[in-house]
Amino acid sequence: MPVDEPLIETLSPDAAREAIPALVAILDDCVAHGASVGFMAWNTPEDYRGFWSGVAGEVEAGRTILLAARLADEIVGTAQLQLIGKPNQPHRAEVAKVLVHSRARRRGIGEALMQAVEAQARKARRDLLVLDSDEGGAARRLYNRLGWTEAGTIPRFALLPDGSFCGSTFFYKSLA
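Keep in mind the model is a prediction, meaning the values are calculated, not measured. (Residues numbered from 1 in each chain as written. Predicted model: local features only at pLDDT ≥ 70, side-chain atom pairs only at ≥ 80, totals over all residues. Heavy atoms only, no water.)

S.K.: Please set out the packing of aromatic side chains residue by residue, giving values where relevant.
M.R.: By the definition in use, this model includes six aromatic pairs. Note on Phe39 and Phe51: the rings are 5.5 Å apart at their centroids and 80° apart in plane angle, and the pair reads as edge-to-face. On the criterion of sequence distance, the pair formed by Phe39 in the loop between helix H2 (20–32) and helix H3 (45–60) and Phe51 in helix H3 is long-range, its members being 12 residues apart. Phe39 sits in the buried class, given a relative accessible area of 11%. Look at Phe51 and you get partly exposed, because its relative accessible area is 23%. The interplanar angle of 85° and the centroid separation of 5.3 Å between the aromatic rings of Phe157 and Phe170 together place this pair among those described as edge-to-face. A residue pair is termed long-range when its members are at least 10 positions apart, and Phe157 in strand S6 (residues 149–159) and Phe170 in strand S7 (residues 165–174) qualify at 13 residues. Site record: aromatic cluster; members linked through ring pairs are Phe39, Tyr48, Phe51 and Trp52. Lying over the aromatic face of Phe165, Arg156 brings its terminal NZ or CZ to 3.9 Å of the ring centre. (Phe/Tyr/Trp six-rings, centres within 6.5 Å; stacked < 30°, edge-to-face > 60°. Helix = DSSP H or I, 4+ residues; strand = E, 2+ residues; numbered from the N terminus. Buried < 20%, exposed > 50% of the residue type's maximum accessible area, 1.4 Å probe, protein only. Lys NZ or Arg CZ within 6 Å of the ring centre and 35° of its normal.)

Here it is, written out as C-alpha cells:
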C-alpha cells in the first residue's frame, strides 16, 4: 500500500488499549491546535489516557466501534461510532471524536474515516447517523462535502481549549 494512502482499521478492545499512546498523541495535538473536542488547554496526557481507556472499555462492551487511520503503520487519525442502546433508537448511532493529527491533515484521512464510519454503521444496521462539530472548524466543510445535512448551530455550546466560546453545528445523515 502506498505510504500516502491511509489504511483504516477497526480496533478490537485489545488493539484499542495498545493504541492508547498514539491516540493520546493525536488528541493532545488536536487540543493544542484549538479543536473543541471536550478538553481544555490545561488537560494533561494523563487525562487523555483516562479518556481513551474509557473508550476501550466501551469498545469491549460493544457500545462503540473505534476506527484508526494509519499512514506507514503509524496511527494518525481516529473516529468513533457510538451505538445508541435506547430501545426506541435501535436504528441510530453517533459519530464522535473524528481526529486527525495536524501533520497528517489534507491527505484524505478525515474523508476515509467518515466513509469507514458509514460502512461500520451499515454493518451494525444503523441507518441514521448524527454528529456535532465546532461551527468554524474545517470538519464542518468536510461533513457538508460528504452529504451530511446541517440541522442547526447552537451558539456558545462549548468552549475552545483556550476558554473562548464556540458554537456547535449539528448534522445528520440518513443511510436508508
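S.K.: Report on the pattern of salt bridges, specifying residues and quantitative values.
M.R.: Scanning the model with the defined rule gives 10 salt bridges in all. With a closest N to O distance of 3.1 Å, Arg49 and Glu46 form a salt bridge. Of the two residues, Arg49 and Glu46 are both situated in helix H3; the distance of three residues between them amounts to about one turn of the helix. Assessed through its relative accessible area of 51%, Glu46 is described here as exposed. As a salt-bridge pair, Arg140 and Glu150 come within 2.8 Å of each other at their nearest N and O atoms. With Arg140 in helix H5 (residues 138–145) and Glu150 in strand S6, the pair connects residues that are 10 residues apart, well separated along the chain. (Salt bridge = Lys/Arg side-chain N within 4 Å of Asp/Glu carboxyl O.)

S.K.: I'd like a description of the nonpolar core, backed by residues and values.
M.R.: The tendency in soluble globular proteins is for nonpolar side chains to be buried as a group. Leu81, Val95, Ile109, Met114, Leu129 and Trp148 are the most contacted members of the largest nonpolar core, which totals 26 residues. Looking at this core, the elements that each hand over two or more residues are strand S2 (64–71), strand S3 (74–83), strand S4 (92–100), helix H4 (109–123), strand S5 (128–134) and H5. No other element matches the six residues that H4 contributes to this core. Sequence-distant contacts of Leu129, that is, excluding residues within four places in its chain, are made with Leu81, Ala93, Val95, Val117, Glu118, Ala121, Trp148, Phe171, Tyr172, Lys173 and Leu175. Grouped together as the second largest cluster of nonpolar side chains are 21 residues, Leu11, Ala16, Ala68 and Ile75 included. (Core = buried A, V, L, I, M, F, W, Y, C linked by side-chain atoms within 4.5 Å. Contact = heavy atoms within 4.5 Å.)

S.K.: Could you give an account of the packing of H2 against H3, naming the residues involved and the relevant values?
M.R.: Following both chains from N to C, one finds H2 and H3 inclined at 125°, their axes separated by 9 Å at the closest point. Taken as axis vectors, H2 and H3 run oblique relative to one another. The two elements H2 and H3 cross, and the hand of that crossing is right-handed. Two secondary-structure elements touch here, H2 through Ile20, Leu23, Val24, Leu27, Asp28 and Val31 and H3 through Pro45, Tyr48, Arg49, Phe51, Trp52 and Ser53. A per-class count over the contact of H2 with H3 returns nine nonpolar, one polar and two charged. (Axes fitted to C-alpha atoms, helices over the stretch in contact; angles between N-to-C directions. Parallel < 35°, antiparallel > 145°, perpendicular 65-115°, else oblique. Left-handed = near helix turned anticlockwise from the far one by under 90°. Nonpolar A, V, L, I, M, F, W, Y, C, P; charged D, E, K, R; others polar.)

S.K.: So what about H4? Which residues, and what values?
M.R.: Taking 1.5 Å of rise per residue, 15 residues should cover 21 Å, and H4 covers 21 Å from first to last C-alpha, within 8% of that figure. Residues Ile109, Gly110, Ala112, Leu113, Met114, Ala116, Val117, Glu118, Gln120 and Ala121 constitute the buried set of H4. Arg125 sits one or two positions beyond H4 and adopts a positive phi of about 60°. (Expected span 1.5 Å × (residues − 1).)

S.K.: Tell me what's going on with the pairing of S5, and back it up with residues and numbers.
M.R.: If a strand is regular, its side chains alternate between the two faces of the sheet. The pairing of S4 with S5 spans three bridges and is parallel. When the sheet's bridge partners are listed, Glu94 is paired in S5 with Val130. Of the crossover connections in this fold, the one passing from S4 over H4 to the parallel S5 is right-handed. For S5 and S7, the ladder comprises seven bridges, and the chain directions are antiparallel. Looking across to S7, one finds that Asp132 is bridged to Phe170. (Pairing = 2+ DSSP bridges. Right-handed = clockwise from strand over helix to strand, strands pointing away.)

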